[in-house]
Amino acid sequence: MSSSTSRRSYGVKGAPYGFLLPATILFALFFALPIGYAVWLSFRKVHVSGLGLGPGARQEVWAGLENYTGAFRDSELLDGALRVLGYGCVVVPVMLGLALLFALMLDSDRVRLAPFTRLAIFLPYAIPGVVAALLWGFLYLPDVSPFYFVLDRLGLPQPDLLDGGPLYLALSNIAVWGGTGFNMIVIYTSLRSIPAEVYEAAKLDGATPLQIALRIKIPMVAPSLVLTFFFSIIATLQVFNEPTTLKPLTNSVNTTWSPLMKVYQDAFGRNDIYSAAAEATLIAVVTLLLSFGFLRAANRRNKQEAAG
Amino acid sequence: MSTLAVRKAAPAAGTTPGTAQGPPLRRRIALIPTVTLLLGAIYTLLPVAWVVIASTKSGHELFSTFTFLPGTGFADNLKDLDAYRDGVYWTWMGNSALYAGLGALLSTAVSAFSGYALATYRFKGRETMFNVLLAGVLMPPVILAIPQYLLLAKADLTDSYLSVLLPQILSPYGVYLARIYAAAAVPADVVEAGRMDGASEWRIFTRIALPMMIPGMVTVFLFQFVAIWNNFLLPYIMLSDDERFPLTLGLYTLLEQGANTPALYTLVITGAFLAVLPLIALFLVIQRFWSLDLLSGAVKS
């Protein structure tokens, strides 16, 4: 009796580790090992002796912080970071503003066509970023675009959407188009979880829907706004697919437009995996610092609100 | 549930003296949300409508007729696409289905195992393991994909189906969702009762817990299916043989070649249209089974 109990409790003890084994193995092979390898490579470089011909002429040697100082001095990386910063300043507020607006509208009384519009606005989530960039890319091309057709008929000036300042807006629009629906669903879900009684008192007091939205609904969905903001920032830092897809259509998107494109270019275009590894590590560290800083700030605010 | 309650309560509120001038005001307000949402829907549907119409145009019509006027070349465009490099487009579509279908299935299984373990057992290192897995979400994909490529190259596995499939099986987000869902859907006393009856842990999982977790796992599957189907970066880095390309990468290479030859535009557009179709169809069919609420981690308990 006692031996069977102990065997069973042993089985229970081992079970969670057994269930987690596949995830652990995959994590070790495809997350931990690659990250460790990238960090290792970032401290390495190739030493070329003589003309670099023959066996042993190209040797991998310790580089110290050389690749990192190189990355800091690299103006292409900095330019890319600044471009993405400007791009993010447009994408994040516009996308989340629209997502909040649509979510509030979906949640309002007596709204018509809500199921249809909700699905339509969420639809771009199912469309690959590459295809989205491709569709909008064609809509930006004067030869085939309906916008230019309309501008032409109205006799208005026709800006080049794939160059200079408008290029930022053109790229931002693709991200806003693709991301608004998902964020809308997240915010809408948390709006629906607010109990109806909360509004009842305000309604009896004669509060308008606008007042209810501003004073009650938005403060109550603040946590999900924080969450969507956080994920939007991370996604923005990692922008790669859309500018890469627009590249064949314009000369204004170069191969180092965003920091991740620069990493790709260094690794495979210039075959300098060591610099690429250092830049990649740098971007990962910045992302992690931003994330933790942000989460800590959000936590502190929550605690203060709970205390106040 | 709550929206229903709000809607029911609304007419009653109109009869109270506090909102005597209610009716005209409310009618105007109800118009604003509807119109705003319709404008949003027009904005999101516009490029989709454009690609549907543009795919019906012949190369000549594409540049000469008004954009939203349907053309006459859809059948020819399909024929051209089918003829392009001996129908490599269909291979891409098959590859995408394989990567996304098989990858999402494996990913859901791994997420279900992990989520169940993290939700129902108390064991040493539980929170640490969970947090380490979650940190994977924050890793920029390029930062993972480049060393993954270099390591797989050492194992002579790059440019293979496995090189795209394997790195996408573990999804930190999937594990997160599975944990939340398992915690809400599988009551602890049910698991305990199974143990009392002498069932093994594996049997409890497969016979009792897994059926309870099915709705959440459908969401994880679909989420992962969309993520893999839409992935561009990983195949872009891993593959060079276009026989193994997924649709996203194939269309990109088509665009790259077509950018300087407008004759290829119709191919790209028709290809993009057909690439969007399966996911839209999938969406419309399964949206009833897909608890979107879960995407944000919300579970009604």
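Everything numeric in this text was worked out from a predicted model, so none of it was measured. As a convention, each chain's residues are numbered from 1 in the sequence order in which they are written. Labels are handed out in written order, letters beginning with A for the chains and numbers beginning with 1 for the ligands. Totals for whole chains, interfaces and linings use every residue, but because this is a predicted model, local features are given only for residues with pLDDT of at least 70 and side-chain atom pairs only at 80 or more, for both listing and counting.

### So, the overall build of chain B
Then step 1. Secondary structure elements follow DSSP: runs of H or I of four or more residues count as helices, runs of E of two or more count as strands, with numbering from the N terminus. A count of helices and strands for chain B gives 14 helices and zero strands.
Then step 2. Residues with at least 20 neighbouring C-beta atoms inside 10 Å of their own are called buried, those with 12 or fewer are called exposed, and the rest are partly exposed, where every C-beta is derived from the backbone. Of all 301 residues assigned to chain B, the portion counted as buried reaches 41%.

### Digging into the overall build of chain A
Then step 1. For chain A, the count of helices and strands is 13 helices and two strands.
Then step 2. Taking 308 residues into account, the globule formula puts the C-alpha radius of gyration at 19 Å, and chain A, at 26 Å, lies well above it.
Then step 3. Considering only C-alpha atoms, chain A reaches an extent of 90 × 85 × 35 Å along its principal axes.
Then step 4. Looking at chain A residue by residue over its 308 residues, the buried ones come to 41%.
Then step 5. With C-beta atoms placed from the backbone, a contact is any residue pair whose C-beta atoms sit within 7 Å. Pairs at least 24 residues apart make up 69% of the contacts formed inside chain A by residues separated by at least 6 positions. As a reference, a globule follows 2.2 Å times the number of residues to the power 0.38, and the radius of gyration itself is taken over C-alpha atoms.

### Looking at unusual backbone geometry
Residue and element names in this part refer to chain B.
Then step 1. Even without being glycine, aspartate 156 reaches a positive phi, approximately 60°.
Then step 2. Following the sequence through the fold, aspartate 156 ends up in the loop between helix H7 (141–154) and helix H8 (161–165).
Then step 3. Of note in this structure, aspartate 159 is not a glycine but carries a positive phi near 60°.

### Overview of the domain arrangement of chain B
Then step 1. Segmenting chain B into domains produces domain 1 (2–54) and domain 2 (82–296).
Then step 2. Domain 1 of chain B puts four residues into the contact, and the matching count from domain 2 of chain B is four residues. How far each domain reaches was decided by an automatic or database domain assignment.

### Describing helix H11 (residues 201–230) of chain B
Helical periodicity: at 3.6 residues per turn, an α-helix aligns residues three or four positions apart in one direction.
Then step 1. Here the expected span of a helix is defined as 1.5 Å times the quantity of residues minus one. For H11(B), built from 30 residues, the straight-helix expectation of 44 Å at 1.5 Å per residue is missed by more than 12%, its first-to-last C-alpha distance being only 36 Å.
Then step 2. Roughly 60° is the biggest bend found in H11(B), and it falls at Ile214(B), with proline Pro215(B) one to four residues downstream. The seven residues ending at a residue and the seven starting there each receive a fitted axis; the angle between those axes is the bend at that residue.

### Looking at the interface of chain A and chain B
Then step 1. Taken together, the contact between chain A and chain B spans 89 residues of the former and 85 residues of the latter.
Then step 2. The biggest single contributor to the side of chain A that touches chain B is helix H1 (residues 2–42) of chain A, with 17 residues.
Then step 3. As a working rule, the residues Ala, Val, Leu, Ile, Met, Phe, Trp, Tyr, Cys and Pro are called nonpolar, Asp, Glu, Lys and Arg charged, and the rest polar, with Gly in that last group. Class assignment of the residues belonging to the side of chain A that touches chain B gives a composition of 64 nonpolar, 16 polar and nine charged.

### Focus on the packing of helix H7 (residues 164–192) of chain A against helix H10 (residues 222–237) of chain A
Residues and elements named next belong to chain A.
Then step 1. With axes taken as lines fitted to C-alpha atoms, and helix axes fitted only over the stretch in contact, angles between N-to-C directions fall between 0 and 180 degrees. The interhelical angle for the contact between H7 and H10, taken along N-to-C directions, is 160°, at an axis separation of 9 Å. With respect to H10, the element H7 is oriented roughly antiparallel. Along this stretch, H7 crosses H10, giving a crossing that reads as right-handed. Where H7 abuts H10, its residues Gly179, Asn183, Val186, Ile187 and Ser190 lie against Ser224, Leu225, Leu227, Thr228 and Ser232.
Then step 2. By residue class, the composition of the contact of H7 with H10 is four nonpolar, six polar and no charged. In these notes the angle categories are as follows: under 35 degrees is roughly parallel, over 145 is roughly antiparallel, 65 to 115 is roughly perpendicular, and the rest is oblique. Crossing chirality is assigned from the near helix's rotation relative to the far helix, an anticlockwise turn below a right angle marking it left-handed and a clockwise turn marking it right-handed.

### What to know about the confidence of the model for chain A
Low-confidence regions, as indicated by low pLDDT, have predicted coordinates that should not be scrutinised in detail.
Residue and element names in this part refer to chain A.
Then step 1. Per-residue confidence from the predictor is reported as pLDDT, a score between 0 and 100. Overall, the prediction assigns chain A a mean pLDDT of 86, with 93% of residues at 70 or greater.
Then step 2. At the level of individual helices and strands, chain A shows its lowest average pLDDT in helix H6 (residues 146–154), which scores 76, and its highest in helix H3 (residues 75–106), which scores 94.
Then step 3. Segment residues 1–10 is flagged for pLDDT under 50; beyond a separation of four residues in sequence, or across chains, it makes zero contacts in the model.

### Describing the nonpolar core
Then step 1. Any nonpolar core is a set of buried residues, restricted to Ala, Val, Leu, Ile, Met, Phe, Trp, Tyr and Cys, that join up through C-beta atoms within 7 Å. Counting residues in each nonpolar core, the largest one holds 154 residues, and the members touching the most others are Ile146(B), Leu251(B) and Ala272(B).
Then step 2. It is H3(A) that contributes the most residues to this core, 15 residues altogether.
Then step 3. Two domains each put at least three residues into this core: domain 1 (2–54) and domain 2 (82–296) of chain B.

### Re the packing of H3(A) against H10(A)
Residue and element names in this part refer to chain A.
Then step 1. Two numbers describe how H3 lies on H10: the axes approach to 10 Å, and their chain directions differ by 145°. Here H3 runs over H10; the crossing is right-handed. Along its contact with H3, which presents Val84, Tyr87, Gly88, Val91, Val92, Met95, Leu96, Ala99 and Leu100, the element H10 presents Leu225, Thr228, Phe229, Ser232, Ile233, Thr236 and Leu237.
Then step 2. Here the residues of the contact of H3 with H10 are counted per class, giving twelve nonpolar, four polar and no charged.

### Re the confidence of the model for chain B
Residue and element names in this part refer to chain B.
Then step 1. Looking at chain B as a whole, the pLDDT averages 83, with 84% of positions reaching at least 70.
Then step 2. Highest mean pLDDT in chain B belongs to helix H5 (residues 88–120) (96); lowest belongs to helix H1 (residues 2–14) (39).
Then step 3. Scored below 50 in pLDDT, residues 1–22 makes 28 contacts in the model with residues more than four places away or belonging to other chains.
Then step 4. In the model output, the complex is listed with pTM 0.85 alongside ipTM 0.85.

### Here's the deal with the pairing of strand E2 (residues 58–62) of chain A
The side chains of a regular strand alternate between the sheet's two faces.
Residue and element names in this part refer to chain A.
Then step 1. Among the five residues of E2, zero are classified as buried, and the element is accordingly described as predominantly exposed.
Then step 2. Note on pairing: DSSP must find at least two bridges between two strands before they are called paired. In terms of strand pairing, strand E1 (residues 44–48) meets E2 through five bridges, oriented antiparallel. Within E2, the residue paired with arginine 44 across the bridge is tryptophan 62.

### Let's talk about the environment of Ala133(A)
Residue and element names in this part refer to chain A.
Then step 1. Mapped onto the elements, alanine 133 comes out in helix H5 (residues 129–140).
Then step 2. Given 28 C-beta atoms within a 10 Å radius, alanine 133 is considered buried.
Then step 3. Excluding anything up to four places from it in sequence, alanine 133 contacts Ile174, Asn241, Glu242, Thr245 and Leu246.

### Digging into H10(A)
Then step 1. With 16 residues, H10(A) extends 23 Å from end C-alpha to end C-alpha; this agrees with the ideal 22 Å at 1.5 Å per step.
Then step 2. Of all the positions in H10(A), only Ser224(A), Thr228(A), Ser232(A), Thr236(A) and Leu237(A) are classed as buried.

### Some thoughts on the environment of Leu78(B)
Then step 1. Structurally, Leu78(B) can be placed in helix H4 (residues 74–83).
Then step 2. The sequence separation of Leu78(B) and Thr270(B) amounts to 192 residues, and the corresponding C-alpha distance is 7.1 Å.

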